[in-house]
Amino acid sequence: MKIVIGGQMGKEEIKELAEGIVGDKGLVVIEDDIAAAMEIKQGTAELYLGACMTGGGGALAMAIAILGYPACQALTSDDENIIAEAAGRGIRVFGFTPAMSKAVVPLIIKHVLTERQE
């Protein structure tokens, strides 16, 4: 699994969290927002994680422009049901606030991995 980190804030923290979860079973890289969104579009990455102050602006602006709003999910809480439902719909692009990183990154990866295995 390749995870790309975009967005405007907390990139190193998000990368460390994701690497701790996927270990040697995945690759986690920080990219600029356009490159990260293009990797999702081209299918060379399976998951985009990004953070900004609102979770939807700077975290997802380029991803929304490149992939379309329906392909992206801005999270306003760490509600696992919302994350699971989004992953179930095939969402692979998630935005959130830096304060939510520790709570949502493990849940996002868990549910996207579950969807990939089914």
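Look a little higher up for the structure.
These numbers were taken from a predicted model, which means no experiment stands behind them.

Chemist: Quick one: what's the story with the pattern of salt bridges, residue by residue and with numbers?
Modeler: Summed over the entire model, instances satisfying the criterion amount to four salt bridges. Across the salt bridge formed by E85 and R89, the nearest N and O atoms sit 2.6 Å from each other. Accessibility expressed as a relative area gives 48% for R89, which makes it partly exposed.

Chemist: Run through the pairing of strand β5 (residues 93-96), naming residues and quoting values.
Modeler: Neither face of β5 is open: one carries V93 and G95, the other F94 and F96, and all of them are buried. Bridge count between strand β3 (residues 47-51) and β5: four bridges; the pairing is parallel. Its bridge partner being in β5, Y48 is matched across the sheet by V93. Of the strand pairs in this sheet, strand β4 (residues 72-74) and β5 are connected by three bridges, and their pairing is parallel. Across the sheet, residue C72 finds its bridge partner in β5, namely V93.

Chemist: For the sheet that holds β4, give the residues involved together with the corresponding values.
Modeler: Judged by pairing direction, the sheet is parallel, and its five strands sit side by side in the order β2-β1-β3-β5-β4 without closing on themselves. Every other strand in the sheet has two partners, leaving β2 (27-30) and β4 as the edge strands with one partner each. Between one strand axis and the next, the sheet turns through 20 degrees on average, direction left out of account.

About the thresholds
Residues numbered from 1 in each chain as written. Predicted model: local features only at pLDDT ≥ 70, side-chain atom pairs only at ≥ 80, totals over all residues. Heavy atoms only, no water. Salt bridge = Lys/Arg side-chain N within 4 Å of Asp/Glu carboxyl O. Buried < 20%, exposed > 50% of the residue type's maximum accessible area, 1.4 Å probe, protein only. Helix = DSSP H or I, 4+ residues; strand = E, 2+ residues; numbered from the N terminus. Pairing = 2+ DSSP bridges. Axes fitted to C-alpha atoms, helices over the stretch in contact; angles between N-to-C directions.

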